[in-house]
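Notes for the structure review
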Amino acid sequence: MTLRLILTRHAKSSWDDPTLDDHDRPLNPRGYAAAKAIGGWLAKRDYCPESVISSTARRTTETWDEIASACVNTDKVQFTSALYMASPQRMMTILQGCRAQSTMMLSHNPGTAMLAEELVHSPPKHPKFFQYPSAATTVISFDADSWADITPNSGQVEAFVVPKDLL
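Our subject in this report is the structure included herewith. Here, residues in each chain are numbered from 1, in the same order as that chain's written sequence. Totals for whole chains, interfaces and linings use every residue, but because this is a predicted model, local features are given only for residues with pLDDT of at least 70 and side-chain atom pairs only at 80 or more, for both listing and counting. The side-chain values count all of the structure's non-hydrogen atoms but skip hydrogen atoms and water molecules.

**Side note on the overall build of the protein chain**
Across its full length, the protein chain holds five helices and six strands. Comment: elements are numbered from the N terminus, with helices defined as DSSP H or I runs of at least four residues and strands as E runs of at least two. Along the protein chain, from the amino end to the carboxyl end, the secondary structure elements read β-α-β-α-β-α-β-α-β-β-α. Relative to the 2.2 N^0.38 estimate, which gives 15 Å for 167 residues, the radius of gyration of the protein chain is 14 Å and therefore close to what a compact globule would have. For the protein chain, the C-alpha atoms occupy an extent of roughly 45 × 30 × 30 Å along the three principal directions. Note that accessible areas follow from Shrake-Rupley with a 1.4 Å probe, and for residues the cover is restricted to the protein chains shown. Surface accessibility of the protein chain: about 7,900 Å² in total, with carbon and sulfur atoms responsible for 50%. Separation of charge centres in the protein chain, based on 16 positive and 18 negative side chains, amounts to 6 Å. The globule rule used for comparison is 2.2 Å times the number of residues to the exponent 0.38, while the radius of gyration itself is calculated over C-alpha atoms. For the purpose of charge, His is not counted, nor are the chain termini; Lys and Arg are scored as positive and Asp and Glu as negative. We put the charge of a Lys on NZ, of an Arg on CZ, of an Asp on CG and of a Glu on CD.

Written as structure tokens, this is what we have:
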């Protein structure tokens, strides 16, 4: 069986209100446009996930809201505080509990970038992969029967994109 992970970092957030807690920062206008573009890119390529697991931070929930406007058939969306600023090890533990064949994980750096690097056998040639800027998205496939079976360096990159490629 082939499992597909869509690993996405939240879109660009606003720093306009210095009194806001980091968890509560919203997207800025560029972030909204980027998230919407990522959603369109996913839908056009038939990469929309069956399920989503996302950090509870406002910028990740707003990123999903924009992506969801294009990925309308996603059945299950779960928000968990365990993904807020999670380490790649914590993210991997959460991923291993997933059940859907196609799952999006929506979180933060540096964990998202580190997990992407750890999971793929060969990184894409894209110059921004190792930086994993806001709204960067990697589509990774695994030849495995369950998420519990995936191991480091076992994923094949199907695609990688950053908003600048789309806007």
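There is more to say, and it comes next.
**Digging into the nonpolar core**
One finds Leu5, Leu7, Met105, Tyr132, Phe142, Trp147 and Ile150 to be the most contacted residues of the largest nonpolar core, which totals 27 residues. Taken together, the elements giving at least two residues each to this core come down to strand 1 (2-9), helix 3 (88-96), helix 4 (111-119) and strand 5 (137-143). The contact rule is simple, with two residues in contact once any of their heavy atoms fall within 4.5 Å. Once residues lying within four places of it in the same chain are set aside, the contact partners of Met105 are Leu5, Ile6, Leu7, Thr8, Ile53, Leu83, Met91, Ile94, Leu95 and Leu115. To form a nonpolar core, buried Ala, Val, Leu, Ile, Met, Phe, Trp, Tyr and Cys residues must be joined to one another through side-chain atoms within 4.5 Å. The buried label applies to any residue whose accessible area, calculated with a 1.4 Å probe on protein chains only, is under 20% of its type's maximum; exposed applies above 50%, and partly exposed to all values in between. Ranked by size, the runner-up nonpolar core spans 19 residues in total, among them Ala11, Leu27, Ala34 and Met104.

**What about the packing of helix 1 (residues 29-44) against helix 2 (residues 58-68)?**
For the pair helix 1 and helix 2, interaxial distance at closest approach is 7 Å and the crossing angle is 45°. Comparing the axis directions of helix 1 and helix 2 gives the class oblique. Considering how the two elements wind past one another, helix 1 and helix 2 form a crossing that is right-handed. Between helix 1 and helix 2, the contacting residues are Tyr32, Ala35, Lys36, Ile38, Gly39 and Leu42 on the first element and Glu62, Thr63, Glu66 and Ile67 on the second. Considering only residue class, the contact of helix 1 with helix 2 consists of five nonpolar, two polar and three charged. The convention used is that axes are lines fitted to C-alpha atoms, helices contributing only their stretch in contact, and that angles between N-to-C directions extend from 0 to 180 degrees. For classification purposes, angles smaller than 35 degrees are called roughly parallel, those larger than 145 roughly antiparallel, those between 65 and 115 roughly perpendicular, and all remaining angles oblique. For any pair of crossing helices, the crossing counts as left-handed if the nearer helix is rotated counterclockwise from the farther one by less than a right angle, and right-handed if it is rotated clockwise. Three classes are used, and their members are as follows: Ala, Val, Leu, Ile, Met, Phe, Trp, Tyr, Cys and Pro are nonpolar, Asp, Glu, Lys and Arg are charged, and the others, Gly among them, are polar.

**Observations concerning the state of the cysteines**
Disulfide assignment relies on a single distance test, namely cysteine sulfur atoms paired within 2.5 Å. In total, this model carries one disulfide according to the counting rule given. Each sulfur of the disulfide joining Cys48 and Cys71 lies 2.0 Å from the other. The disulfide joining Cys48 to Cys71 has a torsion of about -70° about its S-S bond and is therefore left-handed. You can see Cys48 sitting in the loop between helix 1 and strand 2 (51-55) and its partner Cys71 sitting in the loop between helix 2 and strand 3 (76-80), a full 23 residues away along the chain. A residue is classified by how much of its surface remains accessible, and Cys71, at 3% relative accessible area, is buried. A disulfide-free cysteine, Cys98 has its sulfur positioned 16 Å from the sulfur of Cys71, the nearest such atom. Overall, Cys98 belongs to the buried group, its relative accessible area being 13%.

**Considering the pairing of strand 4 (residues 102-107)**
With six of six residues buried, strand 4 is to be regarded as a mostly interior element. Here strand 4 shows two buried faces, one formed by Ser102, Met104 and Leu106 and the other by Thr103, Met105 and Ser107. Here, strands pair whenever DSSP counts at least two bridges between them. Strand direction decides the pairing type here: strand 1 and strand 4, joined by six bridges, are parallel. Paired with Thr8 across the bridge in strand 4 is Leu106.

**Quick word on the sheet that holds strand 3**
What links the strands of a sheet is backbone hydrogen bonding, and the strands pair in either a parallel or an antiparallel sense. Read from one edge of the open sheet, six strands run 3-2-4-1-5-6, paired in mixed fashion. Edge positions in the sheet fall to strand 3 and strand 6 (156-161), since each of these pairs with one other strand and no more. The mean inter-strand angle of the sheet, taken between neighbouring strand axes irrespective of direction, is 15°. As judged from the five bridges shared by strand 2 and strand 3, these two strands associate in the parallel manner. Its bridge partner being in strand 3, Ser55 is matched across the sheet by Thr80. Each of strand 1, strand 4, strand 5 and strand 6 touches helix 1; the most contacted strand, strand 5, lies at about 35° to it. Lying on the sheet, helix 2 is in contact with strand 1, strand 2, strand 3 and strand 4; it crosses strand 4 at an angle near 140°.

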